[in-house]
Structure formats: structure tokens, C-alpha cells
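Chain residues, written in single-letter form:
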Amino acid sequence: MLGWKLLLMLCATGVDDLILYAALEIQGATLYTFLGTLSFVMCLLMIVLSAVLFFKSLVAIPRFQTARIEALENDTPQTLQRIVRKLQNYQVAFKSFSDKGFFNQLFFLVYTARIGVPMIIAACFYSVPVLQAVLYLLISIVIFCYVVLMRPIQDMTNLIQLAALEGITLVVNVFVLFLTIFSVRRGSNDDTVILLGDF
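So, here's what we can say about the structure. (Residues numbered from 1 in each chain as written. Predicted model: local features only at pLDDT ≥ 70, side-chain atom pairs only at ≥ 80, totals over all residues. Heavy atoms only, no water.)

1. Re the overall build of the protein
Counting secondary structure elements, the protein contains nine helices and zero strands. Along the protein, from the amino end to the carboxyl end, the secondary structure elements read α-α-α-α-α-α-α-α-α. The buried share among the 199 residues of the protein stands at 36%. Here the contacts in the protein between residues at least 6 apart in sequence split such that 60% fall between residues at least 24 apart. In the structure as shown, the protein presents an accessible area of about 12300 Å², 70% of it carried by carbon and sulfur atoms. (Helix = DSSP H or I, 4+ residues; strand = E, 2+ residues; numbered from the N terminus. Buried < 20%, exposed > 50% of the residue type's maximum accessible area, 1.4 Å probe, protein only. Contact = heavy atoms within 4.5 Å. Areas by Shrake-Rupley, 256 points an atom, 1.4 Å probe, with all protein chains shown as cover.)

2. Some remarks on the packing of helix 6 (residues 107–124) against helix 7 (residues 129–150)
Running from N to C, helix 6 and helix 7 point in directions that differ by 170°, and their axes come no closer than 10 Å. Considering their axes alone, helix 6 and helix 7 lie roughly antiparallel with respect to each other. The residues of helix 7 that touch helix 6, namely those facing Phe 107, Val 110, Tyr 111, Arg 114, Val 117, Pro 118, Ile 121 and Ala 122, are Gln 132, Leu 135, Tyr 136, Ile 139, Ser 140, Ile 143 and Tyr 146. Among the residues forming the contact of helix 6 with helix 7, the class breakdown is twelve nonpolar, two polar and one charged. (Axes fitted to C-alpha atoms, helices over the stretch in contact; angles between N-to-C directions. Parallel < 35°, antiparallel > 145°, perpendicular 65-115°, else oblique. Nonpolar A, V, L, I, M, F, W, Y, C, P; charged D, E, K, R; others polar.)

3. Examining unusual backbone geometry
Of note, the phi angle at Arg 151 is positive, near 50°, even though the residue is not glycine. With respect to the secondary-structure elements, Arg 151 resides in the loop between helix 7 and helix 8 (156–185). Overall, Arg 151 belongs to the exposed group, its relative accessible area being 52%.

4. Considerations on the nonpolar core
Counting residues in hydrophobic clusters, the biggest one holds twelve residues: Phe 107, Tyr 111, Ile 121, Tyr 136, Ile 139, Ile 143, Tyr 146, Val 147, Ile 153, Leu 159, Leu 162 and Ala 163. Sorting the residues of this core by element identifies helix 6, helix 7 and helix 8 as the ones contributing at least two each. Per-element accounting of this core gives the leading share, five residues, to helix 7. Among all residues touching Tyr 136, those that are not within four sequence positions of it are Pro 118, Ile 121, Ala 122 and Asn 173. (Core = buried A, V, L, I, M, F, W, Y, C linked by side-chain atoms within 4.5 Å.)

5. Notes on the packing of helix 2 (residues 15–27) against helix 6
As a packed pair, helix 2 and helix 6 sit with axes 8 Å apart at the nearest point and diverge in direction by 25°. With respect to helix 6, the element helix 2 is oriented roughly parallel. As helix 2 packs across helix 6, the resulting crossing turns out to be right-handed. Here helix 2 contributes Val 15, Asp 16, Ile 19, Leu 20, Ala 23 and Gln 27 to the contact with helix 6, which in turn contributes Thr 112, Ile 115, Gly 116, Met 119, Ile 120 and Ala 123. Counted by class, the contact of helix 2 with helix 6 contains eight nonpolar, three polar and one charged residues. (Left-handed = near helix turned anticlockwise from the far one by under 90°.)

6. Here we look at the pattern of salt bridges
On inspection of all chains with the given rule, the structure shows one salt bridge. For Glu 166, the salt bridge goes to Arg 114, with nearest N and O atoms at 3.0 Å. Residue Glu 166 is found in helix 8, and its partner Arg 114 is found in helix 6; the two are separated by 52 residues along the sequence. In this structure, Glu 166 and Arg 114 share a single accessibility class: buried. (Salt bridge = Lys/Arg side-chain N within 4 Å of Asp/Glu carboxyl O.)

If you want it as C-alpha cells, here you go:
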């Protein structure tokens, strides 16, 4: 059971690496060699495995919330315990997260997407740096507002840490956008670019 939880957490925390590897593998696939073919097949298997795990988590979350509501309404905690035991392989997807609102219940998957989407952007728009920087900034704004306004984590300390991390990331992405625009328009030796970089 620990194996499935561990695998789910590894896929979630390493989803950005998985996406980058998959993008590089697909773009430069060398299927005419044994190692190239093996690498490509392993890449596809990891993508399929990750998709299955995340889909299972997506199914488990509403089932847990429905069981919890029914247990509270009908005063049958044994029903909730039975569902929790059945879904314990996927409890990292719903445990310790707020159950107030649909998007709070999906926090695990939302934040996994927050980790993975920037890598998809990097892989698809590597030739358009300004667009990359704009999309990174938009993602940071959305996630920062989501964390601060929705408060998806029950533990206040963890919530404050996450909000601080996203706030710092937001500031960094603002400067990345400025640096990208200046480097495209004025060149990399501009004094403003150097000042922003030093800051």
C-alpha cells in the first residue's frame, strides 16, 4: 500500500521532470536503435502510468467527499471508515485538504498541474520567450489568488508557507517577464536588465 502512495507522490512531485523528459524524448526519438526504442517505450509507459494514477485520484476524491457527507448526515462513521480504507492508496490526494468547495477538494491535482503546466509551456513555446514569461506570470497570479482566497490546506502553517512560496514565485515571474521583454527589445547588455537581474 505504501508503494502506491509513494509512486503517486513521486509522479506528482516529479511531473515537471517527466514532462520535460517526454518532450525531449518525443522531439528527438531515435527509434532505429535498441536503446532509443527502449527509452521511448519507457517514456510512454511512465506517461500512461502517471495518467492512470492521476485519474484514479480524480475518481477517489469525490467518492471520499460523498462518503464523508453521508456519514455526517446519517451519523454512520463506519461508512466513512470503510471508504477511507478502500481508498487509502490514494489518500494523499484528499487527506489534509479543505473540503469547502470543489476546487479545494481537487487541490492535489490542481497543484500537480501547477507544477507540470510550466514545463509543457517551456517544451511547446521554447522559441517564444516573451509568451513563456507571460504564461508563467498568469499561472502564478491564478495560483497565488487560489491559495490565498480559497485556503485549500487545513493546516494554517502549511497554508502560510505555500502562500509565501507562491508570493515569492509571483515576484520572480514579474521580473522574469521584465527581463525577457528588455532582452528582446534592447539586448542583454542593457543597464536596466543588469539592475533587474541583480535585484
